[in-house]
Amino acid sequence: MADVVIAPSVLTADLADLATSCHEAVDAGLEWLHLDVMDGNFVPNLTFGPPVIRSLRAALGDGPTFDAHLMISNAETCFQDYIDAGCDHLSVHVEAVTHLHRLLHAIRDAGAGVGIVLNPATPVEAALEVLEDVDLVLVMSVNPGFGGQSFIPNVEGKVRRLAKAIAKQEAAGGRAVQLQIDGGVKSHNIAKLRSWGVTNAVVGSGLFNKRASVAENLAEITAALQA
Ligand code: DX5
Ligand code: ZN
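Residues numbered from 1 in each chain as written. Chains lettered and ligands numbered in written order. Predicted model: local features only at pLDDT ≥ 70, side-chain atom pairs only at ≥ 80, totals over all residues. Heavy atoms only, no water.

(A) Representation of the coordination of the zinc ion (ligand 2). Summarising the metal site, the zinc ion (ligand 2) is bound by the protein donors H34 (NE2), D36 (OD), H69 (ND1) and D182 (OD), whose distances to it range over 2.1 to 2.3 Å. Here the zinc ion (ligand 2) binds six donor atoms, and the angle range of 73 to 173° at the metal identifies the geometry as octahedral. Along the chain, the residues that donate to the zinc ion (ligand 2) are spaced as H-x1-D-x32-H-x112-D. One end of the pair, H34, is in strand β2 (residues 32-38); the other, D182, is in strand β7 (residues 178-182), and 148 residues separate them in sequence. Accessibility expressed as a relative area gives 7% for D182, which makes it buried. (Donors = N, O, S within 2.8 Å, 3.2 Å for Na, K, Ca; no water. Tetrahedral: all angles 85-135°; square planar, octahedral: opposite > 155°, others 65-115°. Helix = DSSP H or I, 4+ residues; strand = E, 2+ residues; numbered from the N terminus. Buried < 20%, exposed > 50% of the residue type's maximum accessible area, 1.4 Å probe, protein only.)

Here's what the structure looks like:
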């Protein structure tokens, strides 16, 4: 069974001391940091943007992969700012972009990895049209804007259909695509999500919480994947 990349979402970390939380994740062996960028317009919450990301990159060095989940309305005009701030990968919401195909190629041409994000109600067909143009598809299993929400189980069909389409594309020699899921992922459901075909799982409150350290929470998740 393929391994699953665990991508810590820092949204539920201590935002007053983000670098320390990110160091805690990297020290626990997590290298793919999921940065939840929210503009208070596309989603009702407002988090951080390029200035904070630039400081995080300076604090963490070149090691970790910065995966920016752009929950913003103006990705078409400002994506370069996130790349300049140190992001390796940008994921954009199909619901927030007018000329998606053009934006995906512009991000790739600027040297970053590129992904598309589907909200829970967005049909999988939106991703199938651009599957050859992306490195990752992110299926939201909560409505975007907040950490600590409950997993929406009826995304299962969408994930399984996507996994099949990605496998078919890769078998035909097409681009390899990560299938990422985001929202409500915990140690009790991550093995099931892997069986659906998920290869990259964003975990926020399942890693950053008052109950235990990131390392202890990660050990629980890893044990669930090895059971
Ligand atoms: C929600 C964000 C998610 C969220 C995940 O809009 O995109 O990345 O922070 O947090 P949990 O794992 O707590 O649902
Ligand atoms: Zn996210």
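From this point on, the discussion continues.
(B) Geometry of the sheet that holds strand β5 (residues 113-118). Pairing in this open sheet of eight strands is parallel, and the strands run β1-β8-β7-β6-β5-β4-β3-β2 from one edge to the other. The open sheet has two edge strands with one neighbour each: β1 (5-8) and β2. For this sheet the average axis-to-axis angle between neighbouring strands, irrespective of direction, equals 25°. In the sheet, strand β4 (residues 89-93) pairs with β5 via five bridges, with the strands oriented parallel. (Pairing = 2+ DSSP bridges. Axes fitted to C-alpha atoms, helices over the stretch in contact; angles between N-to-C directions.)

(C) Structural context of the site of ligand 1. Contacts to ligand 1 come from 20 residues, most closely from D36, G145, D182, G204 and S205. Residue D182 places a side-chain N or O atom 2.6 Å away from an oxygen atom belonging to ligand 1. A distance of 2.8 Å separates an oxygen atom of ligand 1 from a polar backbone atom of G204. Breaking the shell around ligand 1 down by element, the ones donating at least two residues are β2, β3 (65-71) and β8 (200-203). For the shell around ligand 1, the element with the highest residue contribution is β2, accounting for three residues. (Near = heavy atom within 4 Å. Polar contact = N/O pair within 3.5 Å; in protein donor to acceptor, adjacent residues only side chain to side chain.)

(D) Quick look at the packing of aromatic side chains. Here the structure, examined in full by the defined rule, presents one aromatic pair. With 6.1 Å between their ring centres and 50° between their planes, F151 and W196 make a pair best called tilted. Residue F151 is located in the loop between β6 (136-140) and α6 (156-171), and its partner W196 is located in helix α7 (residues 190-196); the two are separated by 45 residues in the primary sequence. When sorted by exposure, F151 lands in the same class as W196, which is buried. The ring of F66 is capped by R57, whose NZ or CZ atom sits 3.8 Å from the centre of that ring. (Phe/Tyr/Trp six-rings, centres within 6.5 Å; stacked < 30°, edge-to-face > 60°. Lys NZ or Arg CZ within 6 Å of the ring centre and 35° of its normal.)

(E) Expanded view of the environment of M38. Within the secondary structure layout, M38 lies in strand β2. In sequence terms M38 and T199 are 161 residues apart; their C-alpha atoms lie 24 Å from each other. What M38 contacts, discounting residues up to four positions off in sequence, is L11, V43, N45, L46, T47, F48, M71, G145 and F146. (Contact = heavy atoms within 4.5 Å.)

(F) Molecular detail of the state of the cysteines. A full pass over the atoms with the stated rule returns zero disulfides. With no disulfide of its own, C78 lies 11 Å from the sulfur of C87, the closest cysteine sulfur. On the basis of relative accessibility, which here comes to 9%, the residue C78 falls in the buried class. (Disulfide = S-S within 2.5 Å.)

(G) Here's a closer look at the packing of helix α3 (residues 75-84) against helix α4 (residues 100-109). Two numbers describe how α3 lies on α4: the axes approach to 10 Å, and their chain directions differ by 15°. When the axes of α3 and α4 are compared, the pair comes out roughly parallel. Of the two elements, α3 crosses α4, and the hand of that crossing is right-handed. For the pair formed by α3 and α4, the contact residues are A75, E76, F79 and I83 on the first element and L103, A106 and I107 on the second. Considering only residue class, the contact of α3 with α4 consists of six nonpolar, no polar and one charged. (Parallel < 35°, antiparallel > 145°, perpendicular 65-115°, else oblique. Left-handed = near helix turned anticlockwise from the far one by under 90°. Nonpolar A, V, L, I, M, F, W, Y, C, P; charged D, E, K, R; others polar.)

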